[in-house]
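Examination of the molecular architecture
Chain by chain, the residues:
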Amino acid sequence: MPSVSRCAHCAQPLVNDTFAPYCCRGCRAVHGILTKAGLTRYYDLRRGPGLPPADLESRRIDHKWLELIEAERAGHGGVTRVELDVQGIHCAACVWLIEELFRRHGGTQTGVMSLNPALGRVELRISPDFPLSDWVDSVEGLGYLLGPARSTGARPSDDLLLRVGICAALAGNVMLFAAAIYLGLREGPIYELLNQLSYAAGVLAVLVGGSVFIGSALRAVRRGVLHLDVPIALGIVLAFAGSTYSFFFASGHAAYIDTLTVFVALMLVGRWLQQRMLERNRAQLLADDGTESLLTREVRDGVVRIVHCIGVKKGDRLLIAPGDLVPVELRVLDPAASCSLDWIDGESRPRRFGSGRAVPAGAFNVGERALSGIAMTDFAASPLVGLLGRDPTSTGDGPLATGWWSRLSRHYVIGVVILAATAIGYWWWLAAKPLLAIEVGTAVLVVTCPCAFGIAAPLAYELVLTQLRRAGIFVRVGDFLDRARAMTRIVFDKTGTLTTGMLEVVSPAGLEALTDHEITLLYNMAARSAHPKSAAVRRALEGHPAARFVELEVEEHTGYGTSAQDRGHRYRLGAPQWAAPASRVDGDVVYSVDGEALASLHTDEQLRPGAQVEIDRLESDGYQLAILSGDAPSRVARLGASLGMPEDLCVGGHSPEQKAAYVREHDPARTLLVGDGLNDRVAMREAACSGTPAVNRPFMASRCDFYFVSPGLHPVAQVLRASDTLGKVVRRILAFAIAYNLVAVSFAMAGLMRPWVAAVLMPVSSLITIAYTVMMLSRRRLPWRS
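Residues numbered from 1 in each chain as written. Predicted model: local features only at pLDDT ≥ 70, side-chain atom pairs only at ≥ 80, totals over all residues. Heavy atoms only, no water.

1. Digging into the nonpolar core
Leu481, Ile490, Phe492, Leu618, Leu672, Val716 and Leu720 are the most contacted members of the largest nonpolar core, which totals 83 residues. Among all residues touching Leu720, those that are not within four sequence positions of it are Ala484, Ile490, Leu618, Tyr623 and Leu672. Residues Leu34, Ile69, Val82 and Ile126 belong to the second largest nonpolar core, which totals 34 residues. (Core = buried A, V, L, I, M, F, W, Y, C linked by side-chain atoms within 4.5 Å. Buried < 20%, exposed > 50% of the residue type's maximum accessible area, 1.4 Å probe, protein only. Contact = heavy atoms within 4.5 Å.)

2. Topic: the packing of aromatic side chains
The full count for this structure, using the stated rule, is 17 aromatic pairs. Judged by centre distance (4.5 Å) and plane angle (5°), the ring pair of Tyr199 and Phe247 falls under stacked. One end of the pair, Tyr199, is in helix 8 (residues 189-222); the other, Phe247, is in helix 9 (residues 229-249), with 48 residues separating them in the sequence. Neither residue differs from the other here; Tyr199 and Phe247 are each classed as buried. Both rings, one in Tyr199 and one in Phe248, keep their centres 5.6 Å apart while their planes meet at 90°; by these two values the pair is edge-to-face. Linking Tyr199 in helix 8 with Phe248 in helix 9, this pair joins segments that are 49 residues apart in sequence. For Phe248, a relative accessible area of 52% gives the class exposed. Each residue in the set Tyr199, Phe240, Tyr245, Phe247, Phe248 and Phe249 is aromatic and connected to the rest through ring pairs, giving one cluster. (Phe/Tyr/Trp six-rings, centres within 6.5 Å; stacked < 30°, edge-to-face > 60°. Helix = DSSP H or I, 4+ residues; strand = E, 2+ residues; numbered from the N terminus.)

3. Here's the deal with the pattern of salt bridges
This model, assessed by the stated rule, comprises 31 salt bridges. Arg300 is the salt-bridge partner of Asp316, the closest N and O atoms lying 3.5 Å from each other. Separated by 16 residues along the polypeptide, Asp316 in the loop between strand 6 (303-308) and strand 7 (317-320) and Arg300 in strand 5 (residues 295-300) bring together distant segments of the chain. Residue classification places Arg300 among the partly exposed positions, given a relative accessible area of 40%. Residues Arg483 and Asp479 are paired through a salt bridge, measuring 3.2 Å at the closest nitrogen-oxygen approach. Connected through salt bridges with shared partners, the residues Arg81, Glu83, Asp85, Arg121, Glu123 and Arg125 form a single ionic network. (Salt bridge = Lys/Arg side-chain N within 4 Å of Asp/Glu carboxyl O.)

4. Some thoughts on the sheet that holds strand 9 (residues 336-340)
Spatially, the 3 strands line up as an open sheet ordered 10-9-12, and their pairing is antiparallel. Since the sheet does not close on itself, it has two edges, and those belong to strand 10 (351-354) and strand 12 (364-365), each with one partner. Here strand 9 pairs with strand 10 via 4 bridges, running antiparallel. Within the sheet, the bridge partner assigned to Ala337 lies in strand 10 and is Phe353. (Pairing = 2+ DSSP bridges.)

5. Things to note about helix 6 (residues 132-140)
Since the α-helix advances by 3.6 residues per turn, residues separated by three or four positions end up pointing in the same direction. Those residues of helix 6 that fall on the buried side of the exposure criterion are Leu132, Trp135, Val136, Val139 and Glu140. Looking down the long axis of helix 6, one finds its buried residues gathered within 125° of arc, a one-sided arrangement. Tucked into the core, helix 6 has its buried residues touching helix 3 (64-76), strand 1 (80-87), helix 4 (92-104), strand 2 (112-116), strand 3 (121-126) and strand 4 (145-148). (Arc of directions from axis to C-beta.)

6. Structural notes on the sheet that holds strand 19 (residues 569-574)
One key point about sheets: their strands pair by backbone hydrogen bonds, in either a parallel or an antiparallel sense. What the 5 strands build is an open sheet, ordered 17-18-19-20-21; its pairing is antiparallel. Each having just a single partner strand, strand 17 (554-557) and strand 21 (596-601) make up the two edges of the open sheet. For this sheet, the mean inter-axis angle between neighbouring strands, taken without regard to orientation, is 20°. Examined bridge by bridge, strand 19 and strand 20 (residues 589-593) share 4 bridges and lie antiparallel to one another. Counted as the bridge partner of Tyr571 is Val593 from strand 20. Seen against the sheet, helix 18 (residues 516-527) touches strand 17, strand 18 (561-566), strand 19, strand 20 and strand 21 and runs at an angle of roughly 55° to strand 19. (Axes fitted to C-alpha atoms, helices over the stretch in contact; angles between N-to-C directions.)

7. Description of the packing of helix 21 (residues 611-620) against helix 25 (residues 714-749)
Where helix 21 meets helix 25, the axes come as close as 8 Å, and the angle between the chain directions of the two elements is 30°. Between helix 21 and helix 25, the crossing angle belongs to the class labelled roughly parallel. Both helix 21 and helix 25 take part in a crossing whose hand is left-handed. Across from Glu614, Arg617 and Leu618 in helix 21, the residues of helix 25 making contact are His714, Val716, Ala717, Leu720 and Arg721. A class-by-class count of the residues in the contact of helix 21 with helix 25 yields 4 nonpolar, 1 polar and 3 charged. (Parallel < 35°, antiparallel > 145°, perpendicular 65-115°, else oblique. Left-handed = near helix turned anticlockwise from the far one by under 90°. Nonpolar A, V, L, I, M, F, W, Y, C, P; charged D, E, K, R; others polar.)

This is how it looks when you write it as structure tokens:
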């Protein structure tokens, strides 16, 4: 097989050669930082491929929470305990890296750090001298994100793991007792003791482990839903009832109690596998409290304070620092302000707002200076409240809880009850053997316990989720992989989804005519500006020998560009009519000297790496694709044409409500929406499934079915193909289970199923389905892997 080129940082396969030998700009930046800082041991500690970090330049990091912690530390005076959530920890190498940065900042001399990667939580005990802000900046400079500890730390899987341990121990002991009885121990005090201990252990197993499924089944029945916990709970209850009847009223032997305890333990293992992977994926994100976590700066009586946005009232004066979110509609008090509205309308280019103009809620200050303004509404009336509200569908995602599984559970429960009732009726009334009838009915219920549902299917989900996770795709909602198989239509947002969300110089060849001195000046003018077009110019110059930082006094002209004086000449970089008013140029950014253009450049958003290949792949797989954006219709149509998509499927100029209406009118039950901005949230609630690449932006990833950190679009096709592969394997597991049950039930109804046979058949059939699942979903056999 031909060798695959891999990224020099994360070791993921290269999608294209844009950033070779790296897969993305983020990997290139982090690899450079690690190498320069002497932290390359990270690569020795990491086992296997890592995950690409989020693009450091496109992130919007809000550190107002850190200012509150620093103020508390200053007032405390002594050693302070600080708890933080960490996003992006994937392996032991990540733990070492964060601990090493703590050591290099002097933390180990006067304090201690405890990091729990499973919870994504770091606890610091630090002295007043520890530079907390510098340490946070250095950690986030490597692609991680830090935030205040908001999650409780309690996980449902912890309780399940304790129950698994107890029930596994009970099952092991009961099987030892049963082995002695099956091998000939039939009477005497030891037999009586083992029989009683077995029944007691079975009672404990039902109380400790069976209660998980029985409680879930009762809640489901009250809601009128039959999911897979119902047949599991029914099997546990009826099998236990049969064993109890046999123990107290029939032979004195607790028939099938050994099989029941093993069954409960196996079902708990399956449930724990499901919970654990979903929790790990959710723990990758910083805790999201919605609007309750939003902070802003309020100016009152001449003092600037950090306050919660929920307390902002109409007429309050706010100070929005560079990079901060505007929480409410704001009337600008400054002469000029530069804001990005990409979360609102998908337009990545910043807009200029003069004094007295209204900046909409959801905008970001992308200027060099803080802007001040007056709140025009209470925060309760801000559109952010609705956009950031929690999605109720993401909190009740029970395991295997889609309509298909519910119908299967209903038919399964009805079928098992009919078979058991038929067997009991035949042997009780027709054969006049009531004791044998109870034993036969119990045997039917035991051998039909849905092991394939309770252990093999959850294991299949666990294996697929693990492989997706290794590829940088994180599924948050338990039933997403089931719902994804019904998708026939994929709708993409434009800015930040199909494109990188950042401007790039389209044809850098225009820079080749510049002298080294002119490139040095241009690089320094661009590097000292936060404007997206200046950043695009700076990135285009990276790697040029003359692109080096020098001392230069650069002046920012809000809304126009930057200028610098050198050797008696005035250099400008910015809008054509300002930088070179007398020159006829066709670019949107001009570099000039004394009003004469030196270079005319075109900037535009760039497609994600490999976007064209992935769009073609999705179309070949039979999906109908569309672009839905708030950006200008002409720009959306132009991007769609470059991808070979029909113009009528490239829809632009839509508000969040219009996006939602579009999805609602175009088969929402079969639509997957992939977007990255708050303006996509309303439409995502209408679509059956949702995903986002916006893991480096607040709020989005915690409100979608899945998110991905890979630089390209291949995760979309990958997750859909994974869903199809999973469906095929699960259907085969169920087919085996049906065939097994037909044979086993036939023996049970004929009165030929003995307790020891059931005790052997149930774990053997489970092991067969588990082995098949592992074999089919091993890494080398997965057809959907990138």
